[in-house]
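Descriptive analysis of the structure
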Amino acid sequence: MLNDITMGQYFPGNSLLHRLDPRVKLLVTFVYIIAVFIPQNWTGLAVAVAFLLLCVALSKLPVRLITKTFKPIIPLILLTSILNVFYLDSGNVWWDAGFFKLTDHGVYTAIFIAIRILCLIAGSSLLTYTTTPTALTDGLERLLNPLRALHVPVHELAMMMTIALRFIPTLIEETDKIMAAQKARGADMESGGMMQRIRAFLPVLIPLFVSSFRRAYDLATAMECRCYRGGEGRTRMNRLQMHGRDVATLLFTAVFVAALIVLNIVLPSTL
């Protein structure tokens, strides 16, 4: 399961999405996360899915990589779907067991929400798949730059968020190594009930925390040795510049959001 978590990883490429300005990608991702919750009918949701599929095609990333992103959240999707099927008893009854009713409205709502969650995960993952941590930091800092007027440490905030995102794959790899070492010493982490598995996982947490603090200390020492002092007086090797493709992407995203709003007004809700 740990090997299926690809969050925070960057996959080099020369696709259109890779070449977009990181500020544009951040804005489009943020807008898409909000836009996924706009559709209240199947047509609107189909438009949101089509927009995501277009982005996946433009990124030229392997489809297997995108589907691999879904594996860790399958339990969450199943739990959400079961809750919707169990608690929504309106609509045509397909099966009635007294205390439990299976209705078409409950099933359709469960499928609708499951597709929404998949779109959220895939859309967010495309940002880190196609953007380097350095570009992500620069883009986030430039977008939050107006907050400097409120004395918000924008550079430090962007740096912390990017470092946290960057170290997710590292911590996952470290956890996998510790679990393999524990299993080699005879630890059983795959059999027994839920509580027994949680207790078996506790010996992994202590070395993981120790390793995390050591990595944080080494990173801080390395930054100090390179005379890093935050954003004050800092210069950049590569300056961010908007191109025609960036403007076209923003306009296309605006048309996409407008289409979702119009579909919501014109077509009846199915939820």
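For the structure, see preceding data.
Residues numbered from 1 in each chain as written. Predicted model: local features only at pLDDT ≥ 70, side-chain atom pairs only at ≥ 80, totals over all residues. Heavy atoms only, no water.

1. Points about the overall build of the protein chain
Scanning the protein chain for helices and strands turns up 10 helices and 2 strands. For the protein chain, the α and β elements follow one another from N to C terminus as α-α-α-α-α-β-β-α-α-α-α-α. Counting only contacts in the protein chain whose residues sit at least 6 apart along the sequence, the fraction spanning at least 24 positions is 75%. By element, 68% of the accessible surface of the protein chain is carried by carbon and sulfur atoms, the whole surface being about 16,500 Å². (Helix = DSSP H or I, 4+ residues; strand = E, 2+ residues; numbered from the N terminus. Contact = heavy atoms within 4.5 Å. Areas by Shrake-Rupley, 256 points an atom, 1.4 Å probe, with all protein chains shown as cover.)

2. Section: the environment of Ile-34
Assignment of secondary structure puts Ile-34 in helix H2 (residues 22–35). Spatially, the C-alpha atoms of Ile-34 and Val-257 are 9.5 Å apart, while their sequence positions differ by 223 residues.

3. Digging into the packing of aromatic side chains
Tallying each qualifying case throughout the model produces 6 aromatic pairs. Ring centres 5.8 Å apart and planes at 15 degrees place the aromatic pair Phe-51 and Phe-252 in the stacked group. On the criterion of sequence distance, the pair formed by Phe-51 in helix H3 (residues 42–59) and Phe-252 in helix H10 (residues 244–266) is long-range, its members being 201 residues apart. (Phe/Tyr/Trp six-rings, centres within 6.5 Å; stacked < 30°, edge-to-face > 60°.)

4. Topic: the side chain of Ser-59
Mapping Ser-59 onto the fold places it in helix H3. Ser-59 sits in the buried class, given a relative accessible area of 2%. (Buried < 20%, exposed > 50% of the residue type's maximum accessible area, 1.4 Å probe, protein only.)

5. Some points on the nonpolar core
Tyr-32, Phe-51, Leu-52, Leu-61, Ile-66, Leu-126 and Phe-256 are the most contacted members of the largest nonpolar core, which has 28 residues in total. Mapped onto this core, the elements with two or more residues apiece are H2, H3, helix H4 (63–70), helix H6 (104–129) and H10. In terms of residue count, the dominant contributor to this core is H6 (7 residues). If we skip the residues at most four places from it in the chain, Ile-66 touches Val-56, Leu-61, Ala-122, Leu-126 and Tyr-129. (Core = buried A, V, L, I, M, F, W, Y, C linked by side-chain atoms within 4.5 Å.)

6. Regarding a nonpolar patch on the surface
A surface patch of nonpolar side chains, about 470 Å² in accessible area, is lined by Leu-27, Leu-143, Met-242, Val-247, Leu-250 and Leu-251. Examining the composition of the nonpolar patch, we find that 3 residues originate from one element, H10, more than from any other. Overall, Val-247 belongs to the partly exposed group, its relative accessible area being 43%. (Patch = residues over 30% accessible without salt bridge, like charges linked within 9 Å, V, L, I, M, F, W, Y side chains within 5 Å. Salt bridge = Lys/Arg side-chain N within 4 Å of Asp/Glu carboxyl O.)

7. Describing the pattern of salt bridges
Oppositely charged side chains are able to pair whenever their charged atoms sit close together. With the rule as written, the count across this model stands at 2 salt bridges. The residue Arg-23 makes a salt bridge to Asp-21 at a minimum N-O spacing of 2.9 Å. For Arg-23, a relative accessible area of 12% corresponds to the buried category. Look at Asp-21 and you get buried, because its relative accessible area is 4%.

8. Some words on helix H5 (residues 74–87)
Here H5 is 14 residues long and its end C-alpha atoms lie 20 Å apart, about the 20 Å a rise of 1.5 Å per residue gives. Of all the residues in H5, the buried ones are Ile-77, Ser-81, Asn-84 and Val-85. For H5, the buried positions fall inside an angular range of 95 degrees around the axis, keeping them on one side. More than 90 degrees from the buried face of H5, the exposed residues found are Ile-82 and Tyr-87. Residues of H5 that are buried in the fold lie against strand S2 (101–103) and H6. (Expected span 1.5 Å × (residues − 1). Arc of directions from axis to C-beta.)

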